[in-house]
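A structural walkthrough
The residues making up each chain are set out below.
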Amino acid sequence: MKERIEILEGDITKQEVDAIVNAANNSLLGGGGVDGAIHRAAGPQLLEETRKIGGCPTGEARTSKGYRLPAKWVIHTVGPIWRGGGKNEDGLLASCYRSCFEEAKRLGVRTIAFPSISTGAYGFPLERATRIALSETRDFLAGDASIEKVVFVCFGQEVLDTYREIFAQVFR
Ligand code: ADP
């Protein structure tokens, strides 16, 4: 199962996969960070479509087309804002990953790329979020044969180092 996971440093908008995941906000109308980068790279049609979707609750996911992106689909998920850990942040973040995998399965996606959801502007502690990302992925892949590759696109060296370290713990 390990071989179906790839960890790399880079820009998610450049990934040649069937679907990329967007760390969006509840409005789905775009924002900063990875969300802004995805909207810029996909072009204005993305906003037209997400406007029609009309929002997304925290912990859930919604799909749009990828437009000018190499990826066919964008799966938009809304991570929790970190409020100290007592507001079910862990459960909501796990739910994001599960919802994205459900969407991917429904769409027949074989390759999918994730950013580090909630760990930028939303302030979720990086190691804790990475542990959730990788253990949810392990649990999903254990029961699924349709997804061939899950790519974690790390933006910067700190994120890359953290993913490598937690990967060694989760998959030992
Ligand atoms: P959130 O609001 O969910 O915290 P952010 O976009 O602020 O989302 O940050 C989530 C992660 O995405 C951070 O690690 C940030 O560095 C990273 N990120 C920003 N731009 C990109 C990009 N183009 N590709 C991949 N990851 C990115």
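Scroll up a little and you will see the structure.
I will try to describe carefully the structure that is included in this document.

What counts and what doesn't
Residues numbered from 1 in each chain as written. Predicted model: local features only at pLDDT ≥ 70, side-chain atom pairs only at ≥ 80, totals over all residues. Heavy atoms only, no water. Helix = DSSP H or I, 4+ residues; strand = E, 2+ residues; numbered from the N terminus. Rg over C-alpha atoms; globule rule 2.2 N^0.38 Å. Buried < 20%, exposed > 50% of the residue type's maximum accessible area, 1.4 Å probe, protein only. Contact = heavy atoms within 4.5 Å. Core = buried A, V, L, I, M, F, W, Y, C linked by side-chain atoms within 4.5 Å.

Moving on, we get to the overall build of the chain. Broken down by element type, the chain carries 5 helices and 6 strands. Across the chain, helices and strands are ordered from the amino to the carboxyl terminus as β-β-α-α-β-β-α-β-α-β-α. Taking 16 Å as the expected radius of gyration for a compact globule of 172 residues, we find that the chain reaches 15 Å, a close match to that expectation. Based on the C-alpha atoms only, the size of the chain along its principal axes is roughly 45 × 35 × 30 Å. Relative to its full complement of 172 residues, the chain shows a buried share of 51%. Expressed as a percentage of contacts within the chain between residues at least 6 apart in sequence, the contacts between residues at least 24 apart total 69%.

We now examine the environment of Ala71. Along the polypeptide, Ala71 turns up in the loop between strand E3 (61-65) and strand E4 (73-78). With relative accessibility at 3%, the residue Ala71 sits in the buried group. The sequence separation of Ala71 and Gly84 amounts to 13 residues, and the corresponding C-alpha distance is 35 Å. Not counting residues within four places of it along the chain, the set of residues in contact with Ala71 comprises Gln15, Val17, Asp18, Ala19, Ile20 and Gly66.

Ranked by internal contacts, the top residues of the largest apolar core, which has 36 residues, are Ile112, Phe114, Phe152 and Tyr163. Contributing elements (two or more residues each) for this core: strand E1 (5-9), strand E2 (19-24), helix H3 (89-107), strand E5 (111-114), helix H4 (126-142), strand E6 (149-154) and helix H5 (157-170). Residue contacts for Phe152: discarding those within four places in its chain leaves Ile5, Glu6, Ile7, Leu8, Tyr97, Phe114, Ala133, Leu134, Thr137 and Tyr163. Grouped together as the second largest cluster of nonpolar side chains are 12 residues, Ile38, Leu69, Ala71 and Val74 included.

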